[in-house]
Amino acid sequence: MYSFEEIKKQLKIQSGGKKPVVSVAAAADADVLEAIKMMNDDGFGTAILVGDADKIATIADEIGCNLSENTVVDIKDGTQAAQVAVACAREGQADIVMKGLLHTKVYLKAILNREFGLRTGQLLNAVTAFELPNYNRMALATDCGMIITPTLEDKVQMIGNATQLANAMGCERPKVSCLSAVETVNSNMPDGFDAAVLCKMNDRGQIKGCVVDGPLSMDLSISEMSVKHKGFQSPVAGQADILLMPNLQAGNIFWKTMTYLAGARSAAVVMGAAKPAVLTSRSDSAEAKANSIAMAMLLALHQKD
Ligand code: COD
């Protein structure tokens with residue numbers, strides 16, 4: 001799977017010189033505008049900045065973000081700004097939408113809005129990509145930001161959504177680990193039951209385009225050394241591309257732990273919507289936000305094919 005640097009290179013190659021556009025909901029924020037400046041400077045996209053125009057102009061001036069490369073739409077209210085940014089994507093002025101200085105819920109509700117949103121009839125869910133110092137490949141984790149308690153049916157769609165992102169990132173047949181605390185099916189851990197069912201659905205062709213195994217503990221998912229040590233046999237173990245989290249709490253704790261304690265670089269996108277929607281945490285760095293924009297833009301190009 002492509003690294004974040006490679007994603008930006010691929011984006012330039014695959015967009016054939018036509019820069020994709022991101023619409024930003026509530027853009028008056030220094031890290032958000034710094035990310036837009038990085039995107040402009042790297043030459044991989046332009047933005048429609050929806051938010052308080054005076055604040056956007058002040059911050060842009062302070063950080064040297066050239067607004068003439070982008071468009072500003074003056075809307076002060078956060079909820080309204082989210083609706084307008086989402087509408088820009090829905091109506092085709094933008095290729096992707098991005099969360100600015102807004103609560104995640106307000107942004108997700110605008111995306112899910114029946115009238116103005118980006119619903120498709122599919123499950124919408126968040127997939128987070130990680131570049132980890134101690135892992136020899138990129139890893140996608142789902143769900144770290146949106147689906148609180150996924151059902152078995154949700155997990156089937158979550159695997160499909162993550163597989164689609166892996167494909168856009170150059171990985172044709174990703175290896176999926178359904179995470180739990182242990183690799184044995186145990187009636188006290190219901191997520192292990194779901195994992196076992198998902199494997200059988202994969203065997204029988206009900207889940208396509210990937211190789212699924214589970215339940216697997218985290219070490220057996222990502223550590224070849226642990227696999228060797230335990231003498232474990234699995235086509236996924238030690239080399240998982242996709243980590244299916246049992247619930248949002250596990251996913252969100254993994255995301256924040258990797259970021260704050262393990263020095264991971266990450267990028268997140270809501271999949272299953274009519275257009276990719278960048279989902280960042282308000283505390284994410286400008287670099288993390290720029291990586292998320294590039295990844296979502298590459299996905300948008302892939303979805304057009
Ligand atoms: N995909 C498709 N349709 C959905 C989804 C989804 N993921 N979620 C809800 N819907 C549809 C429902 O079918 C219904 O028709 C309508 O949307 C409203 O459903 P509710 O009432 O269950 O949804 P909301 O609006 O109350 O909540 C949706 C959220 C995504 C906001 C909610 O799931 C949520 O709060 N998720 C956690 C966000 C969060 O706090 N993340 C952690 C920090 S990053």
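Reading the values: the criteria
Residues numbered from 1 in each chain as written. Predicted model: local features only at pLDDT ≥ 70, side-chain atom pairs only at ≥ 80, totals over all residues. Heavy atoms only, no water. Helix = DSSP H or I, 4+ residues; strand = E, 2+ residues; numbered from the N terminus. Rg over C-alpha atoms; globule rule 2.2 N^0.38 Å. Contact = heavy atoms within 4.5 Å. Areas by Shrake-Rupley, 256 points an atom, 1.4 Å probe, with all protein chains shown as cover. Buried < 20%, exposed > 50% of the residue type's maximum accessible area, 1.4 Å probe, protein only. Lys, Arg positive; Asp, Glu negative; His and termini not counted. Salt bridge = Lys/Arg side-chain N within 4 Å of Asp/Glu carboxyl O. Polar contact = N/O pair within 3.5 Å; in protein donor to acceptor, adjacent residues only side chain to side chain. Pairing = 2+ DSSP bridges. Expected span 1.5 Å × (residues − 1). Arc of directions from axis to C-beta. Near = heavy atom within 4 Å. Core = buried A, V, L, I, M, F, W, Y, C linked by side-chain atoms within 4.5 Å.

**Considering the overall build of the protein**
For the protein, the count of helices and strands is 11 helices and 11 strands. Here the C-alpha atoms of the protein give a radius of gyration of 19 Å, agreeing with the 19 Å that 2.2 N^0.38 yields for 305 residues. Along the three orthogonal principal directions, the C-alpha set of the protein runs to about 60 × 35 × 35 Å. When contacts within the protein are restricted to residue pairs at least 6 apart in sequence, long-range pairs at least 24 apart make up 70% of them. As displayed, the protein has an accessible area near 13,200 Å², and 51% of this comes from carbon and sulfur atoms.

**So, the side chain of D143**
Mapped onto the elements, D143 comes out in the loop between β6 (139–142) and α6 (152–168). Despite its burial, D143 pairs with no opposite charge, the nearest such side chain being K256 at 11 Å. A distance of 3.4 Å separates the side chain of D143 from the backbone nitrogen of I147, its partner in a polar contact. Excluding residues that lie within four positions of it along the chain, D143 makes contacts with N125, A126, M158, M245, N247, L248 and G251.

**Regarding the pairing of β6**
On a regular strand, each side chain points to the face opposite its neighbour's, so the side chains alternate between the two faces of the sheet. What you see with β6 is no split at all: A139 and A141 on one side and L140 and T142 on the other are buried throughout. As judged from the 3 bridges shared by strand β5 (residues 125–131) and β6, these two strands associate in the antiparallel manner. Opposite F130, over in β6, you have A139 as the bridge partner. With 3 bridges connecting them, β6 and strand β9 (residues 242–244) associate as parallel partners. Counterpart to T142 in the pairing with β9 is L244.

**What to know about helix α10 (residues 248–261)**
For α10, built from 14 residues, the straight-helix expectation of 20 Å at 1.5 Å per residue is met to within 8% by its first-to-last C-alpha distance of 19 Å. All buried positions along α10 are accounted for by L248, G251, F254, W255 and M258. End-on, the buried residues of α10 take up no more than an arc of 135°, which puts them together on one face. Opposite the packed face of α10, turned more than 90 degrees from it, sit the exposed residues I253, Y260 and L261. In the core, the buried residues of α10 are packed alongside β5, β6, α8 (218–222), β9 and β10 (265–271). At the N-terminal end of α10, a side-chain oxygen is found 3.2 Å from the backbone nitrogen of Q249, two or three residues along, and the residue is N247. Where α10 terminates, the next one or two residues include G263, which has phi positive at roughly 65°.

**Thoughts on the site of the ligand**
Around the ligand, the structure places 14 residues, and the nearest of them are K105, R119, L124, G145 and M146. Relative to its unbound accessible area of 870 Å², the ligand is 62% covered by the protein chains. Per element, the largest residue contribution to the shell around the ligand is 4 residues, and it comes from helix α5 (residues 104–112).

**Observations concerning the nonpolar core**
By size, the foremost hydrophobic cluster in this structure holds 108 residues, and its most contacted members are V22, I36, Y107, L165, M169 and I293. In terms of residue count, the dominant contributor to this core is helix α11 (residues 286–304) (10 residues). When residues no more than four places from it in sequence are discounted, the contact partners of L165 are V127, L140, V269, M271, M295 and L299.

**Considering the pattern of salt bridges**
Counted under the stated rule, the structure contains 11 salt bridges. The closest approach of N and O atoms between K76 and D74, which form a salt bridge, is 3.2 Å. Residue classification places D74 among the partly exposed residues on the basis of a relative accessible area of 47%. Of the charged contacts in the structure, one is a salt bridge between D241 and R137, with a shortest N-O distance of 3.1 Å. Here D241, found in the loop between α9 (224–230) and β9, pairs with R137, found in the loop between β5 and β6; they are 104 residues apart in sequence, far enough to count as distant. Judged by relative accessible area, D241 falls into the buried class, the value being 5%. Beyond isolated ion pairs, a larger network of salt bridges with shared partners links E131, R265 and E287.

**Quick word on unusual backbone geometry**
In this model, T142 is joined to D143 through a cis peptide bond whose omega is 5°. In this structure, A26 is a non-glycine residue whose phi angle is positive, near 65°.

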